[in-house]
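# Overview (structure and organization)
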Amino acid sequence: MASDAARSTSAHSGPSPTHGPVSGTTAFAAALMIFGGAMAIFEGIAAIAKDDLFFTTRHYVFEFNLTGWGWIHLIVGILIVLAGFAVLSGALWARFFGVFVAGLGALANFLSIPYYPLWATVLVAVNIFIIWALCTGMHREPDHGRVA
């Protein structure tokens, strides 16, 4: 009886800094982060290499050099991939970092809409879904040994 009471109070002390993903949406968000980050890396490499995949519009509010956009996407893509692996490892800080870099990815893709409109719009939606999945996946740990 005393051991059940001690176990139930320690179970409600809150999530530990390292625990496994508690939902399928968190694992799916991590997989999307790894895949989407890899695609951002490839997009950055293509822009740095001045590939003819991209086109530019005139007189757009956000005018940057295509090479500059390539470096931005390359760096953000690397951060997103690293955050995706960290989320899969179960670190709680990785979820917060993942929300941050997914927000950066959504912003970078929003600003690059004039260069590649369809792909940038899709990646904005994917990054918003990642943010949603990481935020809704932050539940407290399940009580494995709790007796009701």
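What you see is a predicted model; the values in this text were computed from it and never measured. (Residues numbered from 1 in each chain as written. Predicted model: local features only at pLDDT ≥ 70, side-chain atom pairs only at ≥ 80, totals over all residues. Heavy atoms only, no water.)

Detailed reading of the predicted coordinates is not advisable wherever pLDDT is low. Averaged over all residues, the pLDDT of the chain equals 77, while 67% of them reach at least 70. Mean pLDDT per element in the chain: helix α1 (residues 2-11) is the minimum at 49, and helix α4 (residues 92-111) is the maximum at 92. (pLDDT = per-residue confidence, 0-100. Helix = DSSP H or I, 4+ residues; strand = E, 2+ residues; numbered from the N terminus.)

Okay, the packing of helix α2 (residues 24-48) against helix α3 (residues 66-89) next. Axis separation between α2 and α3 bottoms out at 7 Å; the angle between their running directions is 155 degrees. In terms of orientation, α2 and α3 fall into the roughly antiparallel class. Handedness of the α2/α3 crossing: left-handed. Split into classes, the residues belonging to the contact of α2 with α3 amount to 20 nonpolar, eight polar and one charged. (Axes fitted to C-alpha atoms, helices over the stretch in contact; angles between N-to-C directions. Parallel < 35°, antiparallel > 145°, perpendicular 65-115°, else oblique. Left-handed = near helix turned anticlockwise from the far one by under 90°. Nonpolar A, V, L, I, M, F, W, Y, C, P; charged D, E, K, R; others polar.)

What follows concerns the environment of V76. With respect to the element layout, V76 can be found in helix α3. Residues V76 and I41 lie 35 residues apart in sequence; the distance between their C-alpha atoms is 7.9 Å. In contact with V76, other than residues within four places in its own chain, are V101, L104 and G105. (Contact = heavy atoms within 4.5 Å.)

Time to look at empty space enclosed by the protein. As enumerated under the stated definition, the model contains two cavities of 30 Å³ or more in all. Approximately 80 Å³ is the volume attributed to the largest cavity. If you trace the largest cavity, you find 14 residues lining it, with G36, A40, I80, N109 and N127 closest to the centre. For the lining of the largest cavity, the secondary-structure elements that each account for two or more residues are α2, α3, α4 and α5 (117-136). Counting residues per element, the lining of the largest cavity draws most heavily on α2, at five residues. In terms of residue class, the lining of the largest cavity is built from eight nonpolar, six polar and no charged. (1 Å grid on protein atoms, 1.4 Å probe; cavity = no way out; pocket = protein on both sides within 12 Å on 5 of 7 lines; lining within 4 Å. Points joined across faces, edges and corners; volume = space filled by probe spheres on them.)

Relative to the elements of secondary structure, T67 occurs in helix α3. Residue contacts for T67: discarding those within four places in its chain leaves A47, I48 and K50.

The subject of this paragraph is the packing of aromatic side chains. Summed over the entire model, instances satisfying the criterion amount to three aromatic pairs. Look at W93 and F97: their rings are 6.5 Å apart centre to centre, the planes differ by 50 degrees, and that puts the pair in the tilted class. Of this pair, W93 and F97 both sit in helix α4, four residues apart, which is roughly one turn of the helix. We classify F97 as partly exposed; its relative accessible area is 28%. Members of the aromatic cluster, joined through ring pairs, are F28, F129 and W132. (Phe/Tyr/Trp six-rings, centres within 6.5 Å; stacked < 30°, edge-to-face > 60°. Buried < 20%, exposed > 50% of the residue type's maximum accessible area, 1.4 Å probe, protein only.)

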